Amino acid sequence: MGSLSIWHWLIVLLVVVLIFGTKKLRNMGSDLGGAVKGFKEGMKSEEEAPKQVQQSESNVEGEVKDKNHTQV
């Protein structure tokens, strides 16, 4: 049960190519790449959103005339 040599990996690669074909493997690779890219963009946008909220909360303008005044 030793480690696999380069010849073992080449045989496994050859079998995978024979089973799936190069076109299907290429499509799976591009789909996987697109999914990873979308995940990275989603994480990036979620990191930017809280920063924008914090900046907008610090710039509150307004005037308080009388807190204790009640209308009758």
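Structure's up top.
Calculation notes
Residues numbered from 1 in each chain as written. Predicted model: local features only at pLDDT ≥ 70, side-chain atom pairs only at ≥ 80, totals over all residues. Heavy atoms only, no water. Helix = DSSP H or I, 4+ residues; strand = E, 2+ residues; numbered from the N terminus. Buried < 20%, exposed > 50% of the residue type's maximum accessible area, 1.4 Å probe, protein only. Areas by Shrake-Rupley, 256 points an atom, 1.4 Å probe, with all protein chains shown as cover. Expected span 1.5 Å × (residues − 1). Patch = residues over 30% accessible without salt bridge, like charges linked within 9 Å, V, L, I, M, F, W, Y side chains within 5 Å. Salt bridge = Lys/Arg side-chain N within 4 Å of Asp/Glu carboxyl O. Contact = heavy atoms within 4.5 Å.

**Student:** Before we go on, may I ask you to explain the overall build of the chain in this structure?
**Tutor:** Secondary structure summary: the chain contains two helices and zero strands in total. Here the chain, with 72 residues, has 0% of them falling under the buried criterion. Of the roughly 7,400 Å² of accessible surface on the chain, a fraction of 60% belongs to carbon and sulfur atoms.

**Student:** Please explain helix α1 (residues 6–20) as it appears in this structure.
**Tutor:** Residues spaced three or four apart along an α-helix face the same direction, because each turn holds 3.6 residues. With 15 residues, α1 ought to run about 21 Å at 1.5 Å a step, and its terminal C-alpha atoms sit 21 Å apart, in line with that. Where burial is concerned, little of α1 is hidden: zero out of the 15 residues are buried.

**Student:** Before we go on, may I ask you to explain a nonpolar patch on the surface in this structure?
**Tutor:** Together, Ile6, Trp7, Leu10 and Leu13 give the surface a local cluster of nonpolar side chains, amounting to about 480 Å² of exposed area. Structurally, leucine 13 can be placed in helix α1.

**Student:** Help me out: how do you make sense of the environment of leucine 25 in this one?
**Tutor:** In this fold, leucine 25 is placed in helix α2 (residues 22–58). Look past the residues within four positions of leucine 25 in its chain and what remains in contact with it is Val16, Val17 and Phe20.

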